Amino acid sequence: MEYVSEVFFELESYHIRGGNPIRGEYRVNGAKNAALPILAASIVTGGENLFDGCPCISDVAVMREILETLGCKVRQDKGQVLADTSGLSDWQVEKRLMEKMRSSIFLVGPLLTRCGRAIVSQPGGCAIGKRPVDIHKKALSQLGAEIEEKDGQLIFSGSDLRGTNIVLDFPSVGATENVMMAALGAKGETVIHNGAKEPEIIDLQNYLNSCGAKIKGAGTSRIVIKGRQRLHGSSYEIMGDRIEAGTFLMAAAGTGGELVLRGLETDSLKCLIRFLRYAGCRVRRKPREVWLRGPGRLYAVEKLQTGPYPEFPTDLQPQFSALMTAAAGRTQIEERIFENRFKSLRELTKMGADIEIFQRIAIIKGAECLKGAPVSAEDLRGGAALVLAGLMAQGETIVENIKFIERGYCDFHKELKKLGADIDRCI
Ligand code: UD1
(Lines give C-alpha, C1' and ligand atoms only; values in the text may rest on other atoms or scores of the structure.)
Protein backbone atom coordinates (compact mmCIF):
# COMPACT_ATOMS: atom_id res chain seq x y z
CA MET A 1 0.00 0.00 0.00
CA GLU A 2 2.76 2.37 0.98
CA TYR A 3 4.57 1.56 -2.30
CA VAL A 4 1.49 2.43 -4.40
CA SER A 5 0.89 5.76 -2.68
CA GLU A 6 4.57 6.73 -3.00
CA VAL A 7 4.51 6.01 -6.71
CA PHE A 8 1.54 8.34 -7.20
CA PHE A 9 3.24 10.98 -5.06
CA GLU A 10 6.31 10.79 -7.35
CA LEU A 11 4.14 11.52 -10.38
CA GLU A 12 2.38 14.60 -9.08
CA SER A 13 3.14 17.96 -10.65
CA TYR A 14 2.06 21.59 -10.64
CA HIS A 15 0.61 22.99 -13.87
CA ILE A 16 0.98 26.76 -13.92
CA ARG A 17 -0.29 29.21 -16.51
CA GLY A 18 1.80 32.30 -15.88
CA GLY A 19 1.00 35.98 -16.04
CA ASN A 20 -1.45 36.48 -13.15
CA PRO A 21 -0.29 38.94 -10.49
CA ILE A 22 -0.16 37.60 -6.92
CA ARG A 23 -2.44 39.85 -4.89
CA GLY A 24 -4.04 39.78 -1.46
CA GLU A 25 -3.21 38.99 2.14
CA TYR A 26 -1.25 36.02 3.40
CA ARG A 27 -0.60 34.70 6.91
CA VAL A 28 2.49 32.53 7.07
CA ASN A 29 2.63 29.11 8.73
CA GLY A 30 4.91 28.17 11.60
CA ALA A 31 8.55 27.80 10.61
CA LYS A 32 9.73 24.41 9.40
CA ASN A 33 13.26 25.13 10.61
CA ALA A 34 12.00 25.94 14.10
CA ALA A 35 9.38 23.18 14.35
CA LEU A 36 11.78 20.34 13.48
CA PRO A 37 14.45 20.96 16.17
CA ILE A 38 11.76 21.89 18.72
CA LEU A 39 9.84 18.64 18.14
CA ALA A 40 13.11 16.72 18.56
CA ALA A 41 13.90 18.76 21.69
CA SER A 42 10.58 17.77 23.28
CA ILE A 43 12.29 14.43 24.04
CA VAL A 44 14.38 16.05 26.78
CA THR A 45 11.28 17.12 28.72
CA GLY A 46 9.87 13.62 29.21
CA GLY A 47 6.43 15.18 29.43
CA GLU A 48 3.44 16.53 27.52
CA ASN A 49 4.04 19.35 25.07
CA LEU A 50 1.43 21.23 23.08
CA PHE A 51 2.71 23.05 20.02
CA ASP A 52 0.72 25.57 18.02
CA GLY A 53 1.73 26.70 14.57
CA CYS A 54 3.33 23.43 13.45
CA PRO A 55 3.32 23.48 9.64
CA CYS A 56 1.44 20.63 7.90
CA ILE A 57 4.39 19.55 5.74
CA SER A 58 5.93 16.18 5.04
CA ASP A 59 9.16 16.89 7.01
CA VAL A 60 7.07 17.43 10.17
CA ALA A 61 5.26 14.14 9.43
CA VAL A 62 8.66 12.39 9.29
CA MET A 63 9.71 13.94 12.62
CA ARG A 64 6.41 12.77 14.15
CA GLU A 65 7.05 9.27 12.86
CA ILE A 66 10.57 9.28 14.32
CA LEU A 67 9.23 10.29 17.74
CA GLU A 68 6.57 7.57 17.55
CA THR A 69 9.06 4.85 16.61
CA LEU A 70 11.05 5.87 19.71
CA GLY A 71 8.00 5.27 21.92
CA CYS A 72 6.56 8.81 22.17
CA LYS A 73 2.87 9.60 21.59
CA VAL A 74 2.28 12.29 18.97
CA ARG A 75 -1.01 13.63 17.61
CA GLN A 76 -1.46 16.38 15.04
CA ASP A 77 -4.65 18.29 14.34
CA LYS A 78 -3.94 20.87 11.64
CA GLY A 79 -1.29 23.19 13.11
CA GLN A 80 -1.51 21.80 16.62
CA VAL A 81 0.77 18.97 17.74
CA LEU A 82 0.58 17.18 21.06
CA ALA A 83 3.85 15.40 21.83
CA ASP A 84 3.97 13.26 24.95
CA THR A 85 7.54 12.05 25.26
CA SER A 86 7.19 10.38 28.67
CA GLY A 87 7.08 6.89 27.13
CA LEU A 88 10.37 7.18 25.21
CA SER A 89 11.79 3.66 25.13
CA ASP A 90 14.42 3.60 22.38
CA TRP A 91 17.45 5.63 21.33
CA GLN A 92 18.01 4.20 17.85
CA VAL A 93 16.53 6.07 14.88
CA GLU A 94 15.61 3.82 11.94
CA LYS A 95 17.85 4.20 8.91
CA ARG A 96 14.90 4.64 6.52
CA LEU A 97 13.70 7.63 8.59
CA MET A 98 17.20 9.10 9.00
CA GLU A 99 17.52 9.11 5.22
CA LYS A 100 14.32 11.08 4.68
CA MET A 101 15.64 14.43 5.93
CA ARG A 102 18.68 16.24 7.23
CA SER A 103 16.86 17.27 10.41
CA SER A 104 16.92 13.68 11.66
CA ILE A 105 20.39 14.56 13.02
CA PHE A 106 18.59 16.74 15.62
CA LEU A 107 17.71 13.55 17.50
CA VAL A 108 21.30 13.06 18.67
CA GLY A 109 21.44 15.93 21.21
CA PRO A 110 18.08 15.19 22.89
CA LEU A 111 18.67 11.40 23.01
CA LEU A 112 22.10 11.92 24.57
CA THR A 113 20.53 14.14 27.23
CA ARG A 114 17.62 11.81 27.97
CA CYS A 115 19.20 8.36 27.49
CA GLY A 116 22.97 8.92 27.52
CA ARG A 117 23.17 7.41 24.04
CA ALA A 118 21.92 7.74 20.48
CA ILE A 119 22.27 5.51 17.45
CA VAL A 120 21.67 7.14 14.09
CA SER A 121 22.95 6.87 10.52
CA GLN A 122 24.01 9.56 8.05
CA PRO A 123 21.05 11.94 7.62
CA GLY A 124 19.50 12.46 4.18
CA GLY A 125 17.96 15.71 2.96
CA CYS A 126 18.07 17.90 -0.13
CA ALA A 127 21.15 17.28 -2.27
CA ILE A 128 22.37 20.89 -2.19
CA GLY A 129 25.90 20.12 -1.07
CA LYS A 130 28.01 17.56 0.74
CA ARG A 131 26.44 18.41 4.13
CA PRO A 132 28.79 16.47 6.44
CA VAL A 133 28.15 16.25 10.21
CA ASP A 134 31.76 16.75 11.32
CA ILE A 135 31.04 19.98 13.23
CA HIS A 136 28.24 18.25 15.18
CA LYS A 137 30.53 15.32 16.01
CA LYS A 138 33.49 17.45 17.04
CA ALA A 139 31.39 19.63 19.34
CA LEU A 140 29.56 16.68 20.94
CA SER A 141 32.85 14.91 21.58
CA GLN A 142 34.12 18.08 23.31
CA LEU A 143 31.18 17.67 25.69
CA GLY A 144 32.47 14.18 26.43
CA ALA A 145 30.41 12.04 24.05
CA GLU A 146 32.12 9.00 22.55
CA ILE A 147 31.41 8.44 18.89
CA GLU A 148 31.84 5.17 17.05
CA GLU A 149 31.11 4.50 13.39
CA LYS A 150 30.09 0.91 12.67
CA ASP A 151 28.36 -0.60 9.61
CA GLY A 152 27.10 2.81 8.49
CA GLN A 153 25.79 3.64 11.96
CA LEU A 154 26.89 6.51 14.17
CA ILE A 155 26.84 5.44 17.80
CA PHE A 156 26.99 8.26 20.35
CA SER A 157 27.38 7.46 24.04
CA GLY A 158 27.97 9.64 27.07
CA SER A 159 26.01 9.50 30.29
CA ASP A 160 28.52 11.79 31.99
CA LEU A 161 28.75 14.81 29.67
CA ARG A 162 30.54 17.86 31.09
CA GLY A 163 29.87 21.47 30.18
CA THR A 164 32.77 23.22 28.49
CA ASN A 165 33.73 25.98 26.01
CA ILE A 166 33.02 24.93 22.45
CA VAL A 167 34.23 26.95 19.48
CA LEU A 168 32.42 25.92 16.30
CA ASP A 169 34.61 25.88 13.16
CA PHE A 170 31.66 27.39 11.25
CA PRO A 171 28.37 28.82 12.58
CA SER A 172 26.37 25.74 11.55
CA VAL A 173 22.69 26.10 12.42
CA GLY A 174 22.15 22.38 13.06
CA ALA A 175 25.35 21.93 15.08
CA THR A 176 24.52 24.95 17.26
CA GLU A 177 21.08 23.46 18.00
CA ASN A 178 22.37 19.94 18.60
CA VAL A 179 24.97 21.20 21.09
CA MET A 180 22.34 23.30 22.89
CA MET A 181 20.19 20.18 23.31
CA ALA A 182 23.07 17.91 24.37
CA ALA A 183 24.39 20.52 26.82
CA LEU A 184 21.10 20.32 28.74
CA GLY A 185 22.26 16.95 30.03
CA ALA A 186 25.85 18.00 30.74
CA LYS A 187 27.14 18.84 34.22
CA GLY A 188 27.84 22.55 34.63
CA GLU A 189 27.86 25.30 32.04
CA THR A 190 28.45 25.01 28.30
CA VAL A 191 29.40 28.07 26.27
CA ILE A 192 29.08 27.89 22.49
CA HIS A 193 31.32 30.35 20.67
CA ASN A 194 30.86 31.20 16.97
CA GLY A 195 27.32 29.80 17.15
CA ALA A 196 24.82 30.46 14.38
CA LYS A 197 22.57 33.49 14.96
CA GLU A 198 19.46 32.41 13.02
CA PRO A 199 16.08 33.41 14.57
CA GLU A 200 15.04 29.73 14.72
CA ILE A 201 17.77 29.20 17.33
CA ILE A 202 16.12 31.88 19.50
CA ASP A 203 12.85 29.97 19.11
CA LEU A 204 14.52 26.75 20.29
CA GLN A 205 15.97 28.63 23.29
CA ASN A 206 12.57 30.16 24.13
CA TYR A 207 10.84 26.77 23.95
CA LEU A 208 13.47 25.05 26.10
CA ASN A 209 13.40 27.88 28.66
CA SER A 210 9.60 27.52 28.81
CA CYS A 211 10.32 23.90 29.85
CA GLY A 212 12.60 25.00 32.70
CA ALA A 213 15.97 25.17 30.89
CA LYS A 214 18.44 28.00 31.54
CA ILE A 215 19.80 29.11 28.18
CA LYS A 216 20.78 32.61 27.14
CA GLY A 217 22.48 34.30 24.23
CA ALA A 218 20.64 32.69 21.27
CA GLY A 219 20.57 35.20 18.41
CA THR A 220 24.19 36.12 19.20
CA SER A 221 27.29 34.04 18.48
CA ARG A 222 27.78 33.22 22.20
CA ILE A 223 25.21 30.92 23.77
CA VAL A 224 25.36 29.81 27.40
CA ILE A 225 23.55 26.67 28.58
CA LYS A 226 23.27 25.61 32.24
CA GLY A 227 23.06 21.83 32.31
CA ARG A 228 20.99 19.41 34.37
CA GLN A 229 18.03 21.64 35.18
CA ARG A 230 14.74 19.94 36.01
CA LEU A 231 12.69 20.04 32.78
CA HIS A 232 8.95 19.63 32.12
CA GLY A 233 6.65 19.78 29.09
CA SER A 234 5.06 23.06 28.05
CA SER A 235 2.70 24.79 25.61
CA TYR A 236 4.53 26.70 22.94
CA GLU A 237 3.73 28.57 19.72
CA ILE A 238 6.25 28.03 16.92
CA MET A 239 7.52 31.23 15.28
CA GLY A 240 6.36 32.25 11.77
CA ASP A 241 8.30 30.99 8.75
CA ARG A 242 10.58 33.68 7.29
CA ILE A 243 11.51 31.50 4.31
CA GLU A 244 7.87 30.84 3.38
CA ALA A 245 7.22 34.57 3.90
CA GLY A 246 10.10 35.51 1.62
CA THR A 247 8.90 33.09 -1.06
CA PHE A 248 5.39 34.64 -1.11
CA LEU A 249 6.80 38.19 -1.14
CA MET A 250 8.90 37.24 -4.13
CA ALA A 251 5.89 35.68 -5.88
CA ALA A 252 4.19 39.09 -5.65
CA ALA A 253 7.39 40.94 -6.59
CA GLY A 254 7.96 38.86 -9.74
CA THR A 255 4.38 39.10 -11.01
CA GLY A 256 3.84 42.84 -10.50
CA GLY A 257 1.43 41.98 -7.69
CA GLU A 258 0.66 43.41 -4.26
CA LEU A 259 0.76 41.47 -1.00
CA VAL A 260 0.21 42.09 2.69
CA LEU A 261 2.02 39.48 4.72
CA ARG A 262 1.40 38.68 8.40
CA GLY A 263 2.23 36.10 11.04
CA LEU A 264 5.92 36.66 11.77
CA GLU A 265 8.52 39.05 13.21
CA THR A 266 9.48 40.93 10.07
CA ASP A 267 12.94 41.85 11.38
CA SER A 268 14.09 38.52 9.97
CA LEU A 269 13.19 39.70 6.44
CA LYS A 270 15.28 42.90 6.51
CA CYS A 271 18.00 41.68 4.17
CA LEU A 272 15.55 40.28 1.59
CA ILE A 273 13.49 43.48 1.71
CA ARG A 274 16.62 45.55 1.05
CA PHE A 275 17.25 43.54 -2.13
CA LEU A 276 13.60 43.65 -3.21
CA ARG A 277 13.73 47.45 -2.92
CA TYR A 278 16.92 47.56 -5.06
CA ALA A 279 14.97 45.50 -7.59
CA GLY A 280 12.26 48.19 -7.78
CA CYS A 281 9.61 46.94 -5.33
CA ARG A 282 7.80 49.30 -2.99
CA VAL A 283 7.86 47.81 0.51
CA ARG A 284 6.56 49.02 3.87
CA ARG A 285 7.56 47.03 6.92
CA LYS A 286 5.96 47.09 10.37
CA PRO A 287 7.15 44.81 13.22
CA ARG A 288 4.63 42.04 12.31
CA GLU A 289 3.41 43.03 8.85
CA VAL A 290 4.91 43.71 5.43
CA TRP A 291 3.24 45.34 2.42
CA LEU A 292 4.88 44.93 -0.99
CA ARG A 293 4.00 46.11 -4.48
CA GLY A 294 6.01 44.74 -7.42
CA PRO A 295 6.93 46.90 -10.42
CA GLY A 296 5.99 46.17 -14.08
CA ARG A 297 9.49 44.74 -14.53
CA LEU A 298 12.11 44.15 -11.86
CA TYR A 299 15.62 45.62 -12.07
CA ALA A 300 18.67 43.40 -11.72
CA VAL A 301 20.47 43.92 -8.37
CA GLU A 302 24.02 43.55 -9.76
CA LYS A 303 25.48 41.52 -6.91
CA LEU A 304 24.05 39.29 -4.17
CA GLN A 305 25.84 36.84 -1.90
CA THR A 306 24.39 34.44 0.63
CA GLY A 307 25.78 34.10 4.16
CA PRO A 308 24.94 33.14 7.74
CA TYR A 309 22.18 35.21 9.38
CA PRO A 310 21.72 38.21 9.21
CA GLU A 311 23.18 38.02 5.68
CA PHE A 312 21.05 36.96 2.70
CA PRO A 313 19.62 33.47 3.46
CA THR A 314 20.74 30.63 1.24
CA ASP A 315 17.17 29.26 1.51
CA LEU A 316 15.90 32.30 -0.44
CA GLN A 317 18.68 32.37 -3.03
CA PRO A 318 17.07 30.05 -5.62
CA GLN A 319 13.80 32.03 -5.54
CA PHE A 320 15.60 35.40 -5.81
CA SER A 321 17.74 34.05 -8.64
CA ALA A 322 14.54 33.03 -10.44
CA LEU A 323 13.26 36.61 -10.16
CA MET A 324 16.49 37.94 -11.62
CA THR A 325 16.16 35.74 -14.74
CA ALA A 326 13.46 38.14 -16.00
CA ALA A 327 14.82 41.39 -14.48
CA ALA A 328 16.28 44.24 -16.55
CA GLY A 329 20.08 43.86 -16.43
CA ARG A 330 22.76 41.51 -15.16
CA THR A 331 22.97 39.97 -11.67
CA GLN A 332 25.85 38.12 -10.08
CA ILE A 333 24.81 35.62 -7.41
CA GLU A 334 27.38 34.07 -5.10
CA GLU A 335 26.26 31.05 -3.05
CA ARG A 336 28.56 30.87 -0.02
CA ILE A 337 26.76 28.31 2.16
CA PHE A 338 26.05 25.26 -0.01
CA GLU A 339 28.23 24.24 -2.96
CA ASN A 340 25.46 22.75 -5.10
CA ARG A 341 22.55 25.16 -4.92
CA PHE A 342 22.23 26.25 -8.56
CA LYS A 343 20.41 23.16 -9.88
CA SER A 344 17.15 25.05 -10.37
CA LEU A 345 19.01 27.66 -12.43
CA ARG A 346 19.95 24.96 -14.92
CA GLU A 347 16.25 24.05 -15.19
CA LEU A 348 15.37 27.72 -15.72
CA THR A 349 17.44 27.82 -18.92
CA LYS A 350 14.70 25.57 -20.38
CA MET A 351 12.35 28.53 -19.86
CA GLY A 352 14.61 30.92 -21.74
CA ALA A 353 16.77 32.17 -18.85
CA ASP A 354 20.31 33.25 -19.76
CA ILE A 355 22.60 31.95 -17.01
CA GLU A 356 26.27 31.05 -16.77
CA ILE A 357 27.53 29.14 -13.74
CA PHE A 358 31.13 29.18 -12.47
CA GLN A 359 31.19 26.91 -9.41
CA ARG A 360 29.62 29.06 -6.64
CA ILE A 361 28.92 32.09 -8.86
CA ALA A 362 26.03 32.45 -11.28
CA ILE A 363 25.79 35.29 -13.80
CA ILE A 364 22.19 35.93 -14.80
CA LYS A 365 21.28 38.16 -17.75
CA GLY A 366 17.61 39.03 -17.39
CA ALA A 367 15.43 37.91 -20.33
CA GLU A 368 12.55 40.11 -21.59
CA CYS A 369 10.23 37.32 -20.57
CA LEU A 370 10.38 33.66 -19.52
CA LYS A 371 8.50 31.03 -21.52
CA GLY A 372 6.58 28.17 -19.89
CA ALA A 373 8.21 24.72 -20.17
CA PRO A 374 8.30 21.35 -18.38
CA VAL A 375 10.84 21.52 -15.55
CA SER A 376 11.72 19.30 -12.65
CA ALA A 377 12.29 20.17 -8.97
CA GLU A 378 15.43 18.65 -7.51
CA ASP A 379 15.26 20.17 -4.04
CA LEU A 380 12.85 22.10 -1.82
CA ARG A 381 13.75 25.77 -2.37
CA GLY A 382 14.92 25.20 -5.93
CA GLY A 383 11.49 23.68 -6.60
CA ALA A 384 9.79 26.77 -5.15
CA ALA A 385 11.97 28.89 -7.45
CA LEU A 386 10.64 26.97 -10.47
CA VAL A 387 7.07 27.67 -9.33
CA LEU A 388 7.87 31.40 -9.10
CA ALA A 389 9.35 31.29 -12.60
CA GLY A 390 6.18 29.55 -13.82
CA LEU A 391 4.02 32.32 -12.30
CA MET A 392 6.12 34.94 -14.11
CA ALA A 393 6.36 33.13 -17.47
CA GLN A 394 4.21 33.32 -20.60
CA GLY A 395 2.34 30.09 -21.26
CA GLU A 396 2.23 26.84 -19.30
CA THR A 397 4.93 25.51 -16.98
CA ILE A 398 4.78 22.01 -15.58
CA VAL A 399 6.84 21.52 -12.43
CA GLU A 400 7.48 17.84 -11.78
CA ASN A 401 8.82 16.15 -8.66
CA ILE A 402 6.81 18.37 -6.33
CA LYS A 403 7.39 16.01 -3.40
CA PHE A 404 10.48 18.13 -2.72
CA ILE A 405 8.42 21.33 -2.56
CA GLU A 406 5.82 19.78 -0.26
CA ARG A 407 8.54 18.93 2.25
CA GLY A 408 8.54 22.59 3.22
CA TYR A 409 5.42 24.41 1.95
CA CYS A 410 1.96 23.70 3.32
CA ASP A 411 -0.77 23.66 0.60
CA PHE A 412 1.52 25.72 -1.63
CA HIS A 413 -0.61 25.58 -4.78
CA LYS A 414 -3.88 26.21 -2.90
CA GLU A 415 -2.47 29.29 -1.17
CA LEU A 416 -1.06 30.68 -4.42
CA LYS A 417 -4.40 30.01 -6.14
CA LYS A 418 -6.24 32.01 -3.45
CA LEU A 419 -3.89 34.90 -4.25
CA GLY A 420 -4.75 34.78 -7.96
CA ALA A 421 -2.32 32.25 -9.45
CA ASP A 422 -3.54 29.93 -12.19
CA ILE A 423 -2.05 26.73 -10.76
CA ASP A 424 -3.28 23.14 -10.40
CA ARG A 425 -1.84 20.06 -8.77
CA CYS A 426 -2.16 17.14 -11.18
CA ILE A 427 -1.35 13.45 -11.23
C1 UD1 B 1 19.89 24.69 8.31
C2 UD1 B 1 18.50 24.80 7.74
C3 UD1 B 1 18.57 24.92 6.22
C4 UD1 B 1 19.47 26.08 5.83
C5 UD1 B 1 20.83 25.99 6.53
C6 UD1 B 1 21.71 27.21 6.32
C7 UD1 B 1 17.16 23.55 9.30
C8 UD1 B 1 16.29 22.37 9.56
N9 UD1 B 1 17.74 23.63 8.10
O10 UD1 B 1 20.45 23.51 7.76
O11 UD1 B 1 17.26 25.14 5.72
O12 UD1 B 1 19.68 26.07 4.45
O13 UD1 B 1 20.65 25.84 7.96
O14 UD1 B 1 21.07 28.35 6.73
O15 UD1 B 1 17.29 24.42 10.13
N16 UD1 B 1 28.50 21.93 7.58
C17 UD1 B 1 29.64 21.16 7.70
N18 UD1 B 1 29.72 20.29 8.75
C19 UD1 B 1 28.72 20.16 9.68
C20 UD1 B 1 27.57 20.95 9.56
C21 UD1 B 1 27.48 21.84 8.49
O22 UD1 B 1 30.55 21.26 6.88
O23 UD1 B 1 28.86 19.35 10.61
C24 UD1 B 1 28.39 22.87 6.44
C25 UD1 B 1 27.25 22.48 5.50
O26 UD1 B 1 27.64 21.49 4.57
C27 UD1 B 1 26.94 23.82 4.85
C28 UD1 B 1 27.18 24.82 5.99
O29 UD1 B 1 28.03 24.15 6.93
O30 UD1 B 1 27.85 24.06 3.81
C31 UD1 B 1 25.92 25.29 6.68
O32 UD1 B 1 25.22 24.18 7.19
P33 UD1 B 1 24.27 24.27 8.47
O34 UD1 B 1 24.22 25.67 8.97
O35 UD1 B 1 24.66 23.20 9.41
O36 UD1 B 1 22.87 23.90 7.84
P37 UD1 B 1 21.79 22.89 8.39
O38 UD1 B 1 21.71 22.97 9.86
O39 UD1 B 1 21.97 21.56 7.73
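Notes on the structure follow. What you are looking at is a predicted structure, and each value in this text was computed from that prediction instead of being measured.

### Some words on helix 6 (residues 134–142)
Along helix 6, the residues classified as buried are Ile 135, His 136, Ala 139 and Leu 140. For helix 6, the angular spread of buried residues about the axis comes to 125 degrees, placing them on one side. In the core, the buried residues of helix 6 are packed alongside helix 5 (108–115), strand 8 (153–157), strand 9 (165–167) and helix 7 (173–183). Within two residues after helix 6, Gly 144 carries a phi angle of roughly 110 degrees, on the positive side.

### As for the nonpolar core
Generally speaking, a soluble globular protein has its nonpolar side chains buried in company with each other. One finds Phe 51, Leu 107 and Leu 208 to be the most contacted residues of the largest nonpolar core, which totals 72 residues. Take this core: its biggest share by element is seven residues, from helix 2 (residues 32–41). If we ignore the near neighbours within four places in the chain, the residues touching Phe 51 are Ile 38, Leu 39, Ser 42, Gly 79, Gln 80, Val 81, Ala 83, Tyr 207, Tyr 236 and Ile 238. Of all hydrophobic cores here, the second largest spans 71 residues; its members include Leu 259, Leu 292, Leu 380 and Phe 412.

### Overview of the packing of helix 2 against helix 8 (residues 199–210)
Direction vectors running N to C along helix 2 and helix 8 enclose 30 degrees, while the axes themselves pass 9 Å from each other. In terms of their interaxial angle, helix 2 and helix 8 are classed as roughly parallel. As for the relative orientation of helix 2 and helix 8, their crossing is right-handed in sense. For the pair helix 2 and helix 8, the contacting residues are Asn 33, Ala 34, Pro 37, Ile 38 and Ala 41 in the first and Glu 200, Asp 203, Leu 204, Tyr 207 and Leu 208 in the second. Partitioning the contact of helix 2 with helix 8 into residue classes produces seven nonpolar, one polar and two charged.

### Overview of the layout of surface pockets
By volume, the largest pocket amounts to about 1,000 Å³. Residue lining of the largest pocket: 45 residues in total, with Arg 131, Val 173, Gly 174, Ile 337 and Phe 338 positioned closest to the centre. Here the element with the most residues in the lining of the largest pocket is helix 2; it accounts for four residues.

### Quick notes on the site of the ligand
The environment of the ligand is formed by 19 residues, the closest being Asp 134, Ile 135, Ser 172, Asp 315 and Ile 337. Note that an oxygen atom of the ligand is positioned 3.2 Å from one of the side-chain N or O atoms of Arg 131. Contact between the ligand and Asp 315: an oxygen atom at 2.6 Å from a side-chain N or O atom of the residue. Within the complex, 88% of the 740 Å² of free accessible area of the ligand lies under protein.

Scoring rules and cut-offs
Residues numbered from 1 in each chain as written. Predicted model: local features only at pLDDT ≥ 70, side-chain atom pairs only at ≥ 80, totals over all residues. Heavy atoms only, no water. Buried < 20%, exposed > 50% of the residue type's maximum accessible area, 1.4 Å probe, protein only. Helix = DSSP H or I, 4+ residues; strand = E, 2+ residues; numbered from the N terminus. Arc of directions from axis to C-beta. Contact = heavy atoms within 4.5 Å. Core = buried A, V, L, I, M, F, W, Y, C linked by side-chain atoms within 4.5 Å. Axes fitted to C-alpha atoms, helices over the stretch in contact; angles between N-to-C directions. Parallel < 35°, antiparallel > 145°, perpendicular 65-115°, else oblique. Left-handed = near helix turned anticlockwise from the far one by under 90°. Nonpolar A, V, L, I, M, F, W, Y, C, P; charged D, E, K, R; others polar. 1 Å grid on protein atoms, 1.4 Å probe; cavity = no way out; pocket = protein on both sides within 12 Å on 5 of 7 lines; lining within 4 Å. Points joined across faces, edges and corners; volume = space filled by probe spheres on them. Near = heavy atom within 4 Å. Polar contact = N/O pair within 3.5 Å; in protein donor to acceptor, adjacent residues only side chain to side chain. Areas by Shrake-Rupley, 256 points an atom, 1.4 Å probe, with all protein chains shown as cover.

Spatial relationships are all this shows, so hold off on functional conclusions.
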